[in-house]
Amino acid sequence: MKFRYKVLFTNLILLSLGLGLVGYLMIHKNFELAKQTQLKNAIVQNNLVQSSVEYELLQLLNSVSDNSETSNNNTDNNNAEKSSISASSIAAQLPQIGSRVSSSVRSRDSFFYIYFDGEKVYTDDKSDARISDTLFKNLTTGNKNYVIKEESQKHYIYVTSQSVIDEKNLWIVSKCDASEAYTLLDEQINYFRLIIIVILIAESAAMYFISRYMTKPLEKLNHVSEEIAQGDYATRVNVKSHDEIGLLAQKFNIMAQAVSDHVDELNDMVHRREQFVADFTHEIKTPMTSIIGYADTMRSLELPREEQMMALGYIFSEGKRLESMSQKLFELIYLRRHDIEQARVHMADLCAEVVKVVEPAYENRHLTIETEIEDTVLTVNRELLITALVNLMDNARKASEEGQQVEVTGKIVDNMACNIPKDKTDIGEAESADDRKCTRAYEICIIDHGIGMTKEQAERICDEFYMADKSRARKEGGAGIGMSLVAIILEHHNAVLSVESEPGCGTTMRILLPW
């Protein structure tokens, strides 16, 4: 069931319960008030009949007393005369008394019964309904009992009062029509049902459109989530409300963007791995083909000593290239999965050691190294930073022609960006305003005047197995992993690498280390 229908039915149920409870209480209260009014009228009618009957009896007693004595009598003599009238005489006179009272005080839809000494002696009710015994239980003089009975689809109130004559009980039972209260109850119930139906219909229509309007953003969210589930990660929710649903839509868009970025990263990672495997296979295949070819030639042919030494030289150089490649791959994988330890190091000593390491290879190419190093102390990993600088110096050597000069400088600079992006080393790109800034940094520049690179080549220089000049790099024993290793080492040091190069004019490798 859709959420809007749940909201609709929930509101209908709650509204029905609320209106039903309020209606029940109001109708019940009105019915009780009407019933109490009818009961008061019945009691008044009973009092009127009782008073009239007692008055007629008093008149009867007075007339009897006047006929028996002509002298004045006091109150005690009158009481004695009342008691002298027999109960049978009173019972005989009560029907006539009841008839006179009925003609004088009875109102429409009201009747009364006269009981004397437990026997019914008079009634003006033609239906002569049976009187319930509960009306006479625990009845005392001055008190009244009443019951409500339904007769012939009408409701009547029976009220009983008691008088004592000559130690005999005189009961007056009045019967009044109370159907008006019950008719009013039925009318109110029917009217209330009509009102409930109208209100529920109107409320259902209103709540349907309101719930549809309120849940429309949720339907958009559901639709967009289905599109994202099907692979369309560029879809976003367009909800402009400022309530909880609008906030949910904003969070959903943020989540969708994060998922999209993560998927892009995964796709890029998969592409890089595939490219890495392809490049690695190709780079392994080239030296292995050379090694197998020269070894097979030496095995199948009798070569002169000079040609044997040349073949062995090729096998040795290609084997060394494989060894260098495997060693750099191991370092690359290790650095991607582990943190490094750092210590305080004098940069002048570190740069001097780098120059000492590469100096024999430079002398073989008749290259000179010009250094200008400003000493300072930085917290770095000495061995890894030497490895990075040696790789950069080796690249400068490979790009230079015989007799050229490579310059190495190190100095403290102010107000330079010194953070590194998390994904890769920055290559010649301007830092954004949100990048973390350091007040000071240590800048190391390695400048050659060799063949240089294009902008596209400089942007890919840190990719695994990428070589700007493959024939030259392989001739020099390169494997295309050195710059990737440099990028990861600098990333561990929060350093920035920028490359400035122009074909035929040389290359400047600039490293900014946090100071």
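For clarity, every value in this text was computed on a predicted model and none was experimentally measured.

Asker: Sorry if this is basic, but what is going on with the pattern of salt bridges here?
Answerer: Close approach of charged atoms allows side chains of opposite charge to pair. This model, assessed by the stated rule, comprises 13 salt bridges. Between K168 and D117 there is a salt bridge whose closest N-O contact spans 3.8 Å. Residue K168 is found in strand β5 (residues 168-177), and its partner D117 is found in the loop between β1 (110-116) and β2 (119-123); the two are separated by 51 residues along the sequence. A relative accessible area of 28% places K168 in the partly exposed class. In this structure, a network of salt bridges that share partners links the residues D125, K149, E151 and K175.

Asker: I would appreciate a short explanation of the packing of helix α8 (residues 382-399) against helix α11 (residues 482-492) in the present structure.
Answerer: Geometry of a packed helix pair, given as the angle between the helix axes and the separation of the axes. Where α8 meets α11, the axes come as close as 9 Å, and the angle between the chain directions of the two elements is 145°. Between α8 and α11 the crossing geometry is left-handed. On α11, the residues touching L384, L385, T387, A388, N391, L392 and N395 of α8 are G482, M483, L485, V486, I489 and L490. Taken together, the residues that form the contact of α8 with α11 break down as nine nonpolar, four polar and no charged.

Asker: For this particular structure, what's the right way to read a positive patch on the surface?
Answerer: The grouping of K2, R212, K216, K220 and K240 at the surface amounts to a positive patch. Among the secondary structure elements, K220 is positioned in helix α4 (residues 179-229). The class for K220 is partly exposed, based on a relative accessible area of 38%.

Asker: Help me out: how do you make sense of the UniProt feature "transmembrane region" (unreviewed entry) in the protein chain in this one?
Answerer: Here the UniProt feature "transmembrane region" (unreviewed entry) sits at residues 7-27. This span, residues 7-27, is 100% helix and 0% strand, and a straight line between its end C-alpha atoms measures 30 Å.

Asker: Is there a simple way to explain the packing of aromatic side chains in this structure?
Answerer: The geometry of an aromatic ring pair is captured by the separation of the ring centres together with the interplanar angle, meaning the angle of the planes. Following the criterion strictly, the structure yields six aromatic pairs and no others. The structure contains a cluster of three or more aromatic residues connected by ring pairs, namely Y5, Y208 and F209. The lysine or arginine in question, K149, covers the ring of Y158, its NZ or CZ lying 5.5 Å from the ring centre. When the ring centre of Y156 is taken as origin, the NZ or CZ atom of K175, which lies over that ring, is 4.5 Å away.

Asker: How should I be thinking about empty space enclosed by the protein in this particular structure?
Answerer: Under the counting rule described, the total for this entry stands at one cavity of 30 Å³ or more. Roughly 50 Å³ of internal volume is contained in the largest cavity. Residue lining of the largest cavity: C351, V354, V355, L389, M393, V408, I444 and I446, and that is the complete set. In terms of residue class, the lining of the largest cavity is made up of eight nonpolar, no polar and no charged.

Asker: Explanation requested: the packing of helix α7 (residues 347-364) against α8 in the structure shown.
Answerer: The contact between α7 and α8 brings their axes to 9 Å, and the two run at 40°. For the element pair α7 / α8, the angle class is oblique. Judged by the sense of rotation from one axis to the other, the crossing of α7 with α8 is right-handed. Along the contact surface, α7 presents M347, D349, L350, E353, V354, V357, V358, A361 and Y362, while α8 presents R382, L385, I386, L389, V390, M393, A396 and R397. Partitioned by chemical class, the residues of the contact of α7 with α8 number 13 nonpolar, no polar and four charged.

What counts and what doesn't
- Residues numbered from 1 in each chain as written.
- Predicted model: local features only at pLDDT ≥ 70, side-chain atom pairs only at ≥ 80, totals over all residues.
- Heavy atoms only, no water.
- Salt bridge = Lys/Arg side-chain N within 4 Å of Asp/Glu carboxyl O.
- Helix = DSSP H or I, 4+ residues; strand = E, 2+ residues; numbered from the N terminus.
- Buried < 20%, exposed > 50% of the residue type's maximum accessible area, 1.4 Å probe, protein only.
- Axes fitted to C-alpha atoms, helices over the stretch in contact; angles between N-to-C directions.
- Left-handed = near helix turned anticlockwise from the far one by under 90°.
- Contact = heavy atoms within 4.5 Å.
- Nonpolar A, V, L, I, M, F, W, Y, C, P; charged D, E, K, R; others polar.
- Patch = residues over 30% accessible without salt bridge, like charges linked within 9 Å, V, L, I, M, F, W, Y side chains within 5 Å.
- Areas by Shrake-Rupley, 256 points an atom, 1.4 Å probe, with all protein chains shown as cover.
- Lys, Arg positive; Asp, Glu negative; His and termini not counted.
- Charge placed at Lys NZ, Arg CZ, Asp CG, Glu CD.
- UniProt positions renumbered as here; feature names shortened; annotations may be inferred.
- Phe/Tyr/Trp six-rings, centres within 6.5 Å; stacked < 30°, edge-to-face > 60°.
- Lys NZ or Arg CZ within 6 Å of the ring centre and 35° of its normal.
- 1 Å grid on protein atoms, 1.4 Å probe; cavity = no way out; pocket = protein on both sides within 12 Å on 5 of 7 lines; lining within 4 Å.
- Points joined across faces, edges and corners; volume = space filled by probe spheres on them.
- Parallel < 35°, antiparallel > 145°, perpendicular 65-115°, else oblique.

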